[in-house]
Amino acid sequence: MKLALTLLLLIPTFAFCQTHKQAKRLTKYLVQEAIISEKETEKVNKDSLIHSLYDVFLDRYHLKRGEQRGLFMYYTYGDTNTQIKKLIDALYRYEVIEESIHRDLVQKLKNSEQESVLASESVRNEIDIFQYLYELAQKEAHIKNGKLAEYLKGLQQIDIIPSEGLDVTSIRTQEALISLIKRKLIIHRDSLPKTVETSYRYAFEALAKLSPDLSITDFAFAIQETTYDDFTYKSAVVSFKCNGVPYVSHNSYDEDYENSDLYDKLDGHFFKIFNKVLTDIGSPDRIVAVGRSVPEKINLILTTKDQYDFLGETGHGMGFFFNRFTYFDPYWYTLETPKYWNPFNLLNQNEVSRYFMVYDSLGLFSHLSHKAKQQHLAKMKEGFLYSYEEILYEAEGICMGFDWEMFDGNQPYKHAIEEFAAITRGEFTPTDIHDDFSFDKPKASIGFKFNKKIYTREVPVMGDWYDYGFLELIYKAIEENQLSGKFYDLPDGGQVSAHIYLTPAQYTYLTENNLLEFYSKED
């Protein structure tokens, strides 16, 4: 695998020097081997041999250049590696590709035997081969038309890469570009120690050296069992102190450590805890991962906000290690940062405490004991909050996410009414909840008893989707009984809506002080 990574850094200059005679000989060979048909040779352009052959294979499956094909495999001529190796050798023998490209393709074929899942690292059939050659040509075009140089100039202006001594023609992979970054840490799987504990110590100590503001003392490691929703799993827990302040990092853990890839040996987000440290000490820097996420390495860089904003939270062809990209990425030369969780929005511990106290002063935690509040606050300070309203989202019994698709057809409306009642902090307490829902009936009768009055209505059965009528029934009971609060809708995520129960005074204060975003504001 080390050899594969080395070759990726040395992808050769793309140069095809085939004559019409060479192109004719290759075309004849492809027909003889039944790789293409006689009819398909009509589509082969001798002046653009590689591109036209690539189009021939795409046409078979009604694909276009640049179209994502995901994980689907295309087995045409090359059902075995032996056949594909013959094709690669023929391209070199007929002088269509240079020796360096031939060598690289052979290595990519070997990678496929090791089940490498990235198209950038492997070839499995003729489509992969010609697509790879097509991509090399596109990269050369980006170099010649100045797109790469323009991007590199931008990186120089924000001081991510050196301002002098840069050879643009030497940059043909993102790995080569990452190697130029000034403040970086690249962790290779093969560089990790033999045990999970020493791997985390190695990674944490190496990362701390990125910034003079980071210093680790009192490092400790433990494997702990955690239970969540009745599921028990083990996590790798790292604790340390920085400037006397304790920090705890919970990381994924694979018990089969020795046979794991990098993202199981070392949690791909282990570095996030350092952004809490940098946020707490008021540093202008944050740590982000850049580049394609592959099993062999993690690329981390230290950035300022201006640098981070330049890089942007993009999704341009961004592939995680479990995806297989079989299309040309026009943004191959750009550095990419995670699309979510902007580290510059991370709240420091003082901000978490301050906003927690504000929410508590409004009575939003009145259902919790003093001890429970302190435990909740400690958990909030230990976690990663990127907006102050997340303090409410993470709290138990405050906000509720309701899935409008039924999880269970056994009295679903009874469960829904109980869910909404649970976040009213004891104000709305329905009893004798009735629900005769059945998929076999066109309507369902629902109801409950509240303050000695019975509330009922019929709702249509719409497959496994809730009807809004049950909420209208709850609203009616709240209004008629003149409860102190009511439900407000928060920004939703589609079929899952978010709700909170507030008094008018609480709602007004939260709105006027921009302390909580609502789906729509009331007059």
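Not measured: the values here are computed from a predicted model. (Residues numbered from 1 in each chain as written. Predicted model: local features only at pLDDT ≥ 70, side-chain atom pairs only at ≥ 80, totals over all residues. Heavy atoms only, no water.)

1. What to know about the sheet that holds strand β10 (residues 453-460)
For the record, the criterion: Here, a strand pair is defined by DSSP locating no fewer than two bridges between the strands. Strands here mean DSSP runs of E at least two residues long; helices mean DSSP runs of H or I at least four residues long; both are numbered from the N terminus. Interaxial angles span 0 to 180 degrees and are taken between N-to-C directions of axes, which are lines fitted to C-alpha atoms, for helices over the stretch in contact. We call two residues in contact whenever any of their non-hydrogen atoms come within 4.5 Å of each other.
Spatially, the three strands line up as an open sheet ordered β8-β9-β10, and their pairing is antiparallel. Edge strands, defined here as strands with exactly one partner in the open sheet, are β8 (431-435) and β10. Ignoring strand direction, the axes of neighbouring strands in this sheet form an average angle of 10°. Here β8 pairs with strand β9 (residues 443-450) via three bridges, running antiparallel. Directly across from D435, in β9, lies its bridge partner I446. Strands in contact with helix α17 (residues 469-480) are β9 and β10; relative to β10, the strand with the most contacts, it is inclined by about 160°.

2. Notes on the pairing of strand β6 (residues 297-303)
Threshold: Any residue under 20% of the maximum accessible area for its type is buried, any over 50% is exposed, and the rest in between are partly exposed; the area is computed with a 1.4 Å probe on protein chains only.
With respect to burial, β6 is a largely interior element, seven of its seven residues being buried. Covered by surrounding structure in β6 are K297, N299, I301 and T303 together with I298, L300 and L302, the residues of both alternating faces. As paired elements, strand β1 (residues 184-188) and β6 share five bridges and run antiparallel to each other. Of the residues in β6, the one forming a bridge with I187 is I298.

3. A word on the layout of surface pockets
We apply this condition: Note on definitions: the grid is 1 Å and covers protein atoms alone; a cavity is a set of points where a 1.4 Å probe fits but cannot get out; a pocket is an open set with protein on both sides within 12 Å along at least five of seven lines; lining residues have an atom within 4 Å of a point. Grid points are joined across faces, edges and corners, and a volume is the space filled by probe spheres set on the points. Residues are grouped as follows: Ala, Val, Leu, Ile, Met, Phe, Trp, Tyr, Cys and Pro are nonpolar; Asp, Glu, Lys and Arg are charged; all remaining types, including Gly, are polar.
The calculated volume of the largest pocket comes to roughly 850 Å³. Along the walls of the largest pocket sit 23 residues, with H250, K379, E382, G383 and F384 positioned nearest its centre. Looking at the lining of the largest pocket, the element that brings in the most residues is strand β4 (residues 245-252), giving five residues. Taken together, the residues of the lining of the largest pocket break down into eight nonpolar, nine polar and six charged.

4. Details of the packing of helix α4 (residues 81-93) against helix α6 (residues 126-144)
What counts here: Each crossing gets its hand from how the near helix is turned against the far one by less than a right angle, where anticlockwise is left-handed and clockwise is right-handed.
Packing of α4 against α6 brings their axes to within 10 Å, and their N-to-C directions diverge by 35°. Crossing handedness for the pair α4 and α6: right-handed. Mapping the contact onto sequence places I84, L87, I88 and L91 in α4 and E126, I129, F130 and L133 in α6. Taken together, the residues of the contact of α4 with α6 sort by class into seven nonpolar, no polar and one charged.

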